[in-house]
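Structure assessment
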Amino acid sequence: MIISLAEWLRSVEASALATTIRQSLWLYPFLEIIHILGIVMVAGAAILFDLRLLNITFKIPVSQMAKYLLPWSRRGLFLVIPSGILMFITNAEALAESGTFQLKMILLVAAALNAFIFDVLVFKPHLKKSEAEPVRSLSKLNAVFSIMVWIGIISCGRLIAYL
Ligand code: HEM
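An account of the accompanying structure is given in this report. Just so it is clear, the model here is predicted, and its values are computed rather than measured.

Notes on the nonpolar core
- Counting residues in each nonpolar core, the largest one holds 12 residues, listed as A45, F49, L53, V62, M65, A66, L69, L70, F118, V122, F123 and A143.
- For this core, the elements supplying multiple residues, two or more each, are α3 (27-53), α4 (62-89) and α6 (99-128).
- Broken down by element, this core gets its largest block of residues, five residues, from α4.
- In this view, A143 contacts D50, L53 and L54; residues no more than four positions away in its chain are not counted.
- With 11 residues, the next largest nonpolar core counts V12, A18, M87 and F101 among its residues.

Right, dumping it as structure tokens:
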């Protein structure tokens, strides 16, 4: 039996887990705190690395900055995604229809694609060359796009409750 997306969202929102979170005084705020901690790790580390690619921060070699910062950005996903999904299920129908939430999800896909393109087309080839060689203009483009997308995701996240 195939159920529609609307029926699925309704059943998710009516689930015991979603109801427990909705009825708890502190569970939702706790999830928001975990979500914000994850955001600090994911977007914070990514933006610091982007600033290095734009030569705005100190001259630590790009490969060393990447080796230190990018794993922390990835680890943050283990906080931000589960907490986001658990907050989402409490209000699934309304959030799924929210243009702000939809834009946030589209920007998340754009951020992931941008990171993948950077890794495959820019960073790995760069590692094969000497650190002395300047960062290619493509990665500066990557960095500017990444910073704009993360600011967009964070803005949408905050505005979900208002718009
Ligand atoms: C790295 C990825 C993400 C970032 C940077 C991000 C960013 C944010 C920000 C800044 C907020 C506002 C927090 C506040 O002011 O309390 C937020 C709230 C929220 N996010 Fe995310 N988020 C991310 C991933 C996700 C995912 C994957 C989902 C769900 C599938 C999600 C669902 C939500 C929900 C439901 C809220 C709560 C809205 C509210 O009650 O005000 N987020 N997010």
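What about helix α1 (residues 5-13)?
- By the burial criterion, the buried members of α1 are L9, V12 and E13. Buried residues of α1, seen end-on, are gathered within an arc of 95° and therefore sit on one face of the element.

Section: the coordination of the iron atom of the ligand
- Coordination of the iron atom of the ligand by the protein comes from H35 (NE2) and K104 (NZ), over a distance range of 1.7 to 2.1 Å.
- Coordination at the iron atom of the ligand is octahedral: its six donor atoms span angles of 83 to 178° at the metal. Pair noted here: H35 is in helix α3 and K104 is in helix α6, with a separation of 69 residues, a long-range link.
- Judged by relative accessible area, which is 12%, H35 ranks as buried.
- You can call K104 buried: its relative accessible area is 10%.

Thoughts on the site of the ligand
- The environment of the ligand is formed by 23 residues, the closest being Y28, E32, H35, K104 and R158.
- Y28 is positioned with one of its side-chain polar atoms (N or O) 2.6 Å from an oxygen atom of the ligand.
- In the environment of the ligand, a nitrogen atom lies 2.5 Å from a nitrogen or oxygen atom belonging to the side chain of K104.
- For the shell around the ligand, the secondary-structure elements that each account for two or more residues are α3, α4, α6 and α7 (137-159).

Digging into the packing of α3 against α7
- Close contact between α3 and α7 brings their axes to 9 Å; oriented N to C, the two are set at 150°. Comparing their axes, α7 and α3 come out roughly antiparallel. Relative to α7, α3 is oriented so that their crossing is left-handed. For the pair formed by α3 and α7, the contact residues are I39, V42, A43, A46, I47, D50, L51 and L53 on the first element and S139, K140, A143, S146, I147, W150 and I154 on the second.

With respect to a nonpolar patch on the surface
- Taken together, the side chains of V109, L113, F116, I117, V120, L121, L138 and L141 define a hydrophobic patch exposed on the protein surface, amounting to about 750 Å² of accessible area.
- With six residues, the top contributor of residues to the nonpolar patch is α6.
- Among the structural elements, V120 can be located in helix α6.
- V120 gets classed as partly exposed once you look at its relative accessible area, which sits at 40%.

Digging into the packing of aromatic side chains
- One pass over the structure, following the stated rule, counts three aromatic pairs.
- Considering the side-chain rings of F88 and F101, the 5.1 Å spacing of their centres and the 25° angle between planes classify their relative orientation as stacked. On the criterion of sequence distance, the pair formed by F88 in helix α4 and F101 in helix α6 is long-range, its members being 13 residues apart. Comparing F88 with F101, the two get one shared label, buried.

Conventions we followed
- Residues numbered from 1 in each chain as written.
- Predicted model: local features only at pLDDT ≥ 70, side-chain atom pairs only at ≥ 80, totals over all residues.
- Heavy atoms only, no water.
- Core = buried A, V, L, I, M, F, W, Y, C linked by side-chain atoms within 4.5 Å.
- Buried < 20%, exposed > 50% of the residue type's maximum accessible area, 1.4 Å probe, protein only.
- Helix = DSSP H or I, 4+ residues; strand = E, 2+ residues; numbered from the N terminus.
- Contact = heavy atoms within 4.5 Å.
- Arc of directions from axis to C-beta.
- Donors = N, O, S within 2.8 Å, 3.2 Å for Na, K, Ca; no water.
- Tetrahedral: all angles 85-135°; square planar, octahedral: opposite > 155°, others 65-115°.
- Near = heavy atom within 4 Å.
- Polar contact = N/O pair within 3.5 Å; in protein donor to acceptor, adjacent residues only side chain to side chain.
- Axes fitted to C-alpha atoms, helices over the stretch in contact; angles between N-to-C directions.
- Parallel < 35°, antiparallel > 145°, perpendicular 65-115°, else oblique.
- Left-handed = near helix turned anticlockwise from the far one by under 90°.
- Patch = residues over 30% accessible without salt bridge, like charges linked within 9 Å, V, L, I, M, F, W, Y side chains within 5 Å.
- Areas by Shrake-Rupley, 256 points an atom, 1.4 Å probe, with all protein chains shown as cover.
- Salt bridge = Lys/Arg side-chain N within 4 Å of Asp/Glu carboxyl O.
- Phe/Tyr/Trp six-rings, centres within 6.5 Å; stacked < 30°, edge-to-face > 60°.

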